[in-house]
There are 2 protein chains.
Amino acid sequence: MRPITSSIGLSRRVLLSTLAMLPMLSASLRPAQAQSDPLPSWNDGATKNAITTFVSRVTTQGGPDFVPVDQRIATFDNDGTLWIEQPMYVQLAFVLDRVKALAPLNPGWKTKQPFKAVLAGDMKALAASGEKGLMQLLAVTHSGMTSEEFAKIVSDWLAVARHPRFQRPYTELVYQPMLELLAYLRANGFKTFIVSGGGIEFMRPWTEKIYGIPPEQVMGSSIKTRFEMRDGRPTLFRLPEINFIDDKVGKPVGINQHIGRRPIAAFGNSDGDLEMLQYTTLSGGPRFGLIVHHTDAEREYAYDRKSQFGKLDKALDAAADNKWTVVDMKNDWKRVFPGA
Amino acid sequence: MRPITSSIGLSRRVLLSTLAMLPMLSASLRPAQAQSDPLPSWNDGATKNAITTFVSRVTTQGGPDFVPVDQRIATFDNDGTLWIEQPMYVQLAFVLDRVKALAPLNPGWKTKQPFKAVLAGDMKALAASGEKGLMQLLAVTHSGMTSEEFAKIVSDWLAVARHPRFQRPYTELVYQPMLELLAYLRANGFKTFIVSGGGIEFMRPWTEKIYGIPPEQVMGSSIKTRFEMRDGRPTLFRLPEINFIDDKVGKPVGINQHIGRRPIAAFGNSDGDLEMLQYTTLSGGPRFGLIVHHTDAEREYAYDRKSQFGKLDKALDAAADNKWTVVDMKNDWKRVFPGA
């Protein structure tokens, strides 16, 4: 095959003169990068040092641990790793609000579980309805519409919903140090992906704007969809049936399905991320695993081994065994949320 | 949130001076692009004109049909659209060769269908074994190993297998005009994806080298995998169970699952691509649909409505109805294969 440069019509002269300018560009960028801190919301110390040392190792051309750009894949959990997951997963707050919004159209819900529990704010009865109850709530809130309609429902909700404690939109309760980390990795040639147990179509309407991660680099749990023509327009209709659970052993399976390459860095915060971190780090070559440990009850929340949401138990032990970097939120982060 | 530029540590001065250089760069590229032909293996005419007109419309800043770069998604079928699919799908040739390679370890196959038919080269008996027979062949050739082991088996086979008529490696029997089209679209800001009915892990070992399409931009049919630790190393073990069929209505479903955006251009060659083309083109805004019609028995093959592989019937009628561009291979392409 002919080289791509010739088939897209670049003359050799133009190509060479363009390439000749690149060192100028990168030289003019380099001093600024070296002078200013790419991770200003991280306190100096072992955690920050572990991150920058790894990035330096894999990006040092000619060094023993150099990794070519196309293999610099980094995967991030979402709930509790990139944004808040207490006092409950944001998607669960969406489900509860959505049931309330739909209740006037469904008068029978007032007397029928699990809907009755949601409408009465009875979390104990809701918990008692178990997985079957949750599936019923997911069915009425997440299926029965097209993918595009669902994206609008999510966006409309995020625009008005507020976190019960911080009274800010959920999309502002993302972790500023992690936003800097995403940008820092991308500036160093990494491709950043989300690998979340949460719903893929619940995240995609906003991840590009908030995290700089486009929809095609977002993985999550999903329900099945059906292709159908509606008024001459082809749509995907959301069905009340689970397609894939992107959690625990599902994370490496989903990563292989979606990315087709083993990441060299993975970032999580709970036992749901254990297998992703194993898959990423236990396979030779320079690898990086990081766990966000929520230790800051004052600025955010403090929880780990016994938490209902984002339980961090086995993965905390595995972090010690495997020398993964553990972020002590209270001491490692200067700020938690943007603008705070 | 702070703008990304400040969080990665670019000073305003450096940023502005860098931006100031960009018009110079693009100005120096523009004359060369205008002078030389980005699609040299396409004959001048209506087909080529339709392609370049569409690309010009969606990339003209300020024009009525301008599409921002992040929405320039183009999806390509593989078999019969990017590479050869006659006298049988390449993956089927792999299956047959692989059964022969494994036969010495499985002496019972000599007397047991569908293996007996494969070993005897009896295509009629093989066809008679139906879908059940094919699933048995897929199970023994595509499962029972890790994803990494399977990738090596595929690569090793492609290195030695030769097409029965052209006596060239299959990876050389890709369509040169389509390689130019992929490069031309990418040079115009498009992100190119493969959406194939073929096996996703059969394609990923070679698509980056041959098409410039990285693994994370390849979709295909898949079998289930299981995460497991083997000798302390986390692996994905391939199971004899279908996960997803990425064909017909499965193509838009897979595109939504994987990309999460509706493409603005789609390229196919058979009825398996019909729904992908509908999903892409019948939804408002500037859209482009193209079908490769195999009309060249001399340089490649001529087939459409009655072909066993790559049947093009309903989609050919739909192309006329929907004004999709139809490539007449014989008349529209100067060359078919690279270096030919």
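For the structure itself, look to the data block above.
About the thresholds
- Throughout this description, residue numbers start from 1 for each chain and increase along the sequence as written.
- Chains and ligands are labelled by the order in which they are written, letters from A for the one and numbers from 1 for the other.
- Whole-chain, interface and lining totals are the exception, using all residues; otherwise, since this is a predicted model, local features are given only for residues with pLDDT of at least 70 and side-chain atom pairs are given and counted only at 80 or more.
- Excluding hydrogens and water, the side-chain values take into account all heavy atoms of the structure.
- By the criteria applied, helices consist of DSSP H or I runs no shorter than four residues and strands consist of E runs no shorter than two, each listed in order from the N terminus.
- Each residue is placed in one exposure class: buried if its accessible area under a 1.4 Å probe, protein chains only, is under 20% of its type's maximum, exposed if it is over 50%, and partly exposed if it falls in between.
- For this analysis, residues touch if any pair of their heavy atoms sits within 4.5 Å.
- Residue exposure ignores everything except the shown protein chains as possible cover, and the areas themselves are Shrake-Rupley values with a 1.4 Å probe.
- The span expected for a helix works out to 1.5 Å for each residue beyond the first.
- It is the directions from the helix axis to the C-beta atoms that the arc portrays.
- Patch membership needs two things, relative accessible area over 30% and no salt bridge, and members are linked within 9 Å if like-charged or within 5 Å if nonpolar (Val, Leu, Ile, Met, Phe, Trp, Tyr).
- Here, a salt bridge means any Lys or Arg side-chain nitrogen found within 4 Å of an Asp or Glu carboxyl oxygen.
- When the centres of two rings from Phe, Tyr and Trp lie within 6.5 Å, Trp using its six-membered ring, the rings pair. Their planes under 30 degrees apart give stacked, over 60 give edge-to-face, and anything left gives tilted.
- A positively charged side chain is recorded as over a ring if its NZ (Lys) or CZ (Arg) lies within 6 Å of the ring centre. The angle to the ring normal must also be within 35 degrees.
- All axes here are fitted lines through C-alpha atoms, helices being fitted over the stretch that makes contact, and every angle between N-to-C directions spans 0 to 180 degrees.
- In what follows, roughly perpendicular refers to angles from 65 to 115 degrees, roughly parallel to angles under 35, roughly antiparallel to angles over 145, and oblique to any angle outside these ranges.
- Each residue gets one label: Ala, Val, Leu, Ile, Met, Phe, Trp, Tyr, Cys and Pro are nonpolar, Asp, Glu, Lys and Arg are charged, and the others, such as Gly, are polar.
- Pairing between strands is defined by DSSP: at least two bridges between the two strands are required.
- Crossing handedness follows the turn of the near helix against the far one: under a right angle anticlockwise gives a left-handed crossing, and clockwise gives a right-handed one.

Novice: Outline the overall build of chain A, listing residues and values.
Specialist: Counting its secondary structure elements, chain A contains 14 helices and eight strands. The burial tally for chain A puts 53% of its 340 residues in the buried class. Taking the contacts inside chain A whose residues are at least 6 apart along the sequence as the reference set, 66% of them involve residues at least 24 apart. Carbon and sulfur atoms make up 56% of the accessible area of chain A, which amounts to about 14700 Å² in all.

Novice: Tell me what's going on with helix α3 (residues 46-59) of chain B, and back it up with residues and numbers.
Specialist: Residue and element names in this part refer to chain B. In a regular helix each residue adds 1.5 Å, so 14 residues correspond to 20 Å; α3 covers 20 Å between its end C-alpha atoms and thus fits that length. Buried within α3 we find T47, K48, I51, F54, V55 and V58. Viewed end-on, α3 has its buried residues packed into an arc of 135°, placing them on one side of the element. The inward-facing, buried residues of α3 abut α9 (176-187), β5 (265-268), β6 (288-295), β8 (325-328) and α14 (329-332).

Novice: Describe a nonpolar patch on the surface, naming the residues involved and giving the relevant values.
Specialist: A grouping of M135, I242 and I245 of chain B is seen on the molecular surface, where their side chains present a nonpolar patch of about 230 Å² in accessible area. Tracing the sequence through the fold places I242 of chain B in strand β4 (residues 233-244).

Novice: Tell me about helix α11 (residues 250-258) of chain A, and name the residues and values.
Specialist: Turn by turn, an α-helix covers 3.6 residues, leaving residues three or four places apart pointing in a common direction. All names here are of chain A. Counting buried residues in α11 gives eight out of nine residues, a clear majority hidden from the surface. Residues of α11 that are buried: G250, K251, P252, V253, G254, I255, N256 and H258. Positioned one or two residues after α11, G260 has a phi angle of 75°, which is positive.

Novice: Before we move on, can you summarise the packing of aromatic side chains with the specific residues and values?
Specialist: Considering all chains together, one arrives at 36 aromatic pairs over all chains under this definition. Judged by centre distance (5.8 Å) and plane angle (75°), the ring pair of W42 of chain B and W333 of chain B falls under edge-to-face. Pair noted here: W42 of chain B is in the loop between α2 (12-35) and α3 and W333 of chain B is in the segment after α14, with a separation of 291 residues, a long-range link. With relative accessibility at 1%, the residue W333 of chain B sits in the buried group. Geometrically, the ring pair formed by F166 of chain B and Y301 of chain B is edge-to-face, given 6.3 Å between the ring centres and 85° between the ring planes. Of this pair, F166 of chain B sits in the loop between α8 (147-160) and α9 while Y301 of chain B sits in the loop between β6 and β7 (302-303), and the two are 135 residues apart along the sequence. F166 of chain B sits in the partly exposed class, given a relative accessible area of 21%. Ring pairing ties together the aromatic residues W42, F166, Y175, Y301, W333 and F337 of chain A, which thus form one cluster. One cation-aromatic arrangement involves R238 of chain A over F150 of chain A; the distance from NZ or CZ to the ring centre is 4.0 Å.

Novice: Requested: an account of the pattern of salt bridges, with residues and values cited.
Specialist: Inspection of the entire model under this criterion finds 40 salt bridges over all chains. For the salt bridge of D77 of chain A with K251 of chain A, the shortest nitrogen-to-oxygen distance reads 3.0 Å. With D77 of chain A in the loop between β1 (73-76) and α4 (90-102) and K251 of chain A in helix α11, this pair connects stretches of sequence that are 174 residues apart. When its relative accessible area of 5% is taken as the criterion, D77 of chain A is described as buried. Assessed through its relative accessible area of 0%, K251 of chain A is described here as buried. Residues joined in a network through salt bridges with shared partners are D70, K191 and R261 of chain A together with E208 and E216 of chain B.

Novice: With reference to specific residues and values, describe the environment of A46 of chain A.
Specialist: Relative to the helices and strands, A46 of chain A resides in helix α3 (residues 46-59). Sequence separation of A46 of chain A and T325 of chain A is 279 residues, and the distance between their C-alpha atoms is 8.8 Å.

Novice: An account of the packing of helix α4 (residues 90-102) of chain B against α8 of chain B is needed here, citing residue identities and associated values.
Specialist: Residue and element names in this part refer to chain B. Remark: α4 packs on α8, axes separated minimally by 11 Å, with the N-to-C direction vectors making an angle of 100°. Taken as axis vectors, α4 and α8 run roughly perpendicular relative to one another. Taken together, the residues of α8 that come into contact with α4 (itself represented by V90, A93, F94, D97 and R98) are F150, I153, V154 and W157. When grouped by side-chain class, the residues that make up the contact of α4 with α8 number seven nonpolar, no polar and two charged.

Novice: Please give an account of the environment of F309 of chain A that cites residues and values.
Specialist: Residues and elements named next belong to chain A. Along the chain, F309 turns up in the loop between β7 (302-303) and α13 (314-322). Using a relative accessible area of 10% as the deciding quantity, one classes F309 as buried. The spacing of F309 and V118 is 191 residues in sequence and 18 Å in space, taken between C-alpha atoms. Those residues in contact with F309 that sit more than four places away from it in its chain are E85, Q86, P87, M88, Y89, L92 and Y303.

Novice: Please give an account of unusual backbone geometry that cites residues and values.
Specialist: Cis rather than trans, the peptide bond between Q113 of chain A and P114 of chain A has omega equal to 5°. Relative to the elements of secondary structure, P114 of chain A occurs in the loop between α4 and α5 (115-120). Here Q167 of chain A, not a glycine, exhibits a phi torsion of approximately 50°, which is positive. Turning to its location among the elements, Q167 of chain A is positioned in the loop between α8 (147-160) and α9 (176-187). Backbone geometry places K248 of chain B, a non-glycine residue, at a positive phi of 50°.

Novice: Mind laying out the pairing of strand β3 (residues 218-230) of chain A, listing which residues take part and the relevant values?
Specialist: Successive side chains on a regular strand alternate, one facing one side of the sheet and the next facing the other. All names here are of chain A. Two strands pair when backbone bridges link them, and strand β2 (residues 191-199) and β3 are joined in this way by three bridges, in the parallel orientation. Within β3, the residue paired with V195 across the bridge is M219. Bridging between β3 and strand β4 (residues 233-244) involves eight bridges; their strand directions are antiparallel. Looking at the pairing, S222 lines up with F244 of β4. Between the antiparallel neighbours β3 and β4 lie two residues, among them D231 with a positive phi of about 50°.

Novice: Tell me what's going on with the packing of α8 of chain A against helix α10 (residues 200-211) of chain A, and back it up with residues and numbers.
Specialist: Residue and element names in this part refer to chain A. At a minimum axis separation of 9 Å, α8 and α10 run at an interaxial angle of 65°. Handedness of the crossing formed by α8 with α10: right-handed. Every residue of α10 that contacts α8 at S147, F150, A151, V154, S155, W157 and L158 is listed here: E201, F202, P205 and W206. The class makeup of the residues in the contact of α8 with α10 is eight nonpolar, two polar and one charged.

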